[in-house]
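The residues making up each chain are set out below.
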Amino acid sequence: YIPNVGNHDFTGLTKKEYFDIVCAGLTDVVWGDAENYRIYGYVDFAGSDYQGDYRVIVLDPCDYNDGQYSNPYYNAYVVFSQKQIDWLIATLEDAANKGLNVITTMHYSFGDNSLPYGDELAKPDAFFCQDAFMIPDIIKALQNKGTLSKDYADAVGANNISIDKDFSGVSPLKYVCHLFGHIHSKNAYQCQKTDGEKYDMLMLGELSLAQNGAALSKTYREVNTINNISFSALAIDSEEQAIYRIAYGAYKDYSDPTKNARVTKLKYRFENL
């Protein structure tokens, strides 16, 4: 178990209160900034021969102090600190050099908010105070053993991020996917920009365990029932570089196996980038 903090989680709670309630007892998580009650960290675990070994990294999109949540970083604002980004880079480098398969996870996806909703487009439905492609840029540089020298200004505050890294001496990153929620969908997206630039990052969305989805309601519900609960389990084959998503709960129609199948197979490496 590893928590993902989202835009509704801090209502009525301080950072310390939330961390003490939800996170403090999780001994398997290596936290990045527990002393400041930030909810980013990672868990390593061993898989089978065909699955490989993994590092699951959870990011904290609400990386600001108490009192900043409503102004300027209000509901559905995403902001990172320099400390978290430095930690993320070091954590990804370490995972790459250890040959671990990497999954990132956060309440939000990455992508371009100007894109329309669609099954193959990443749309985070949140305002990123820094560039929404900052973390995809990091992952892309690591995947390609390249360099990243760029400043990412905070559009509404003082959390300006500066990155100047050469990844040529790091082993290539074995990146699997980014898991997210927030938009109440169960779609698979490729992270991309409106200008056509694509990232080798599979975005996997998950439905909320509730009836309503404000932004994108693509809940597959069983016809003429009140069953609204839906979730999925993932099986990852790192040799084939594929994810098998198995759906449970509310599902309505299996007549179109490309969209409504109980089990879907998703390749997590893209061609012709």
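In what follows, the structure referred to is the one given above.
Scoring rules and cut-offs
Residues numbered from 1 in each chain as written. Predicted model: local features only at pLDDT ≥ 70, side-chain atom pairs only at ≥ 80, totals over all residues. Heavy atoms only, no water. Phe/Tyr/Trp six-rings, centres within 6.5 Å; stacked < 30°, edge-to-face > 60°. Helix = DSSP H or I, 4+ residues; strand = E, 2+ residues; numbered from the N terminus. Buried < 20%, exposed > 50% of the residue type's maximum accessible area, 1.4 Å probe, protein only. Lys NZ or Arg CZ within 6 Å of the ring centre and 35° of its normal. Salt bridge = Lys/Arg side-chain N within 4 Å of Asp/Glu carboxyl O.

Engineer: Teacher, can you tell me more about the packing of aromatic side chains here?
Structural biologist: For any two aromatic rings, the description comes down to two numbers: the centre-to-centre distance and the angle of the planes. For the coordinates displayed, the defined rule picks out eight aromatic pairs. Residues Tyr77 and Phe127 carry aromatic rings whose centres are separated by 4.7 Å and whose planes lie at 35° to one another, so their mutual orientation is tilted. Here Tyr77 is found in strand β4 (residues 77–78), whereas its partner Phe127 is found in strand β6 (residues 127–128), with 50 residues between them in sequence. Its relative accessible area of 11% is what places Tyr77 among the buried residues. Using a relative accessible area of 35% as the deciding quantity, one classes Phe127 as partly exposed. Taken together, Phe19, Trp31 and Tyr37 form an aromatic cluster joined through their ring pairs. Directly above the ring of Tyr42 sits Arg55, whose terminal nitrogen or CZ lies 4.0 Å from the centroid. We note Lys193 situated over the ring of Phe133; from NZ or CZ to the ring centre the distance is 5.1 Å.

Engineer: I would appreciate a short explanation of the pattern of salt bridges in the present structure.
Structural biologist: It is possible for side chains bearing opposite charge to pair when their charged atoms get close. For the coordinates displayed, the defined rule picks out 14 salt bridges. The residue Asp44 makes a salt bridge to Arg55 at a minimum N-O spacing of 2.7 Å. On the criterion of sequence distance, the pair formed by Asp44 in strand β2 (residues 41–45) and Arg55 in strand β3 (residues 54–58) is long-range, its members being 11 residues apart. By relative accessible area, Asp44 is classed as partly exposed at 37%. In this structure Arg55 comes out as buried when scored by relative accessible area, which is 0%. When the shortest N-O distance is used, the salt bridge between Lys265 and Glu240 registers 2.3 Å. One end of the pair, Lys265, is in strand β14 (residues 263–267); the other, Glu240, is in the loop between β12 (230–237) and β13 (242–249), with 25 residues separating them in the sequence. According to the relative accessible area criterion, Lys265 is partly exposed, its value standing at 45%. When its relative accessible area of 29% is taken as the criterion, Glu240 is described as partly exposed. Look at the salt bridges and you will find they share partners, linking Asp44, Arg55, Asp94 and Lys98 into a network.

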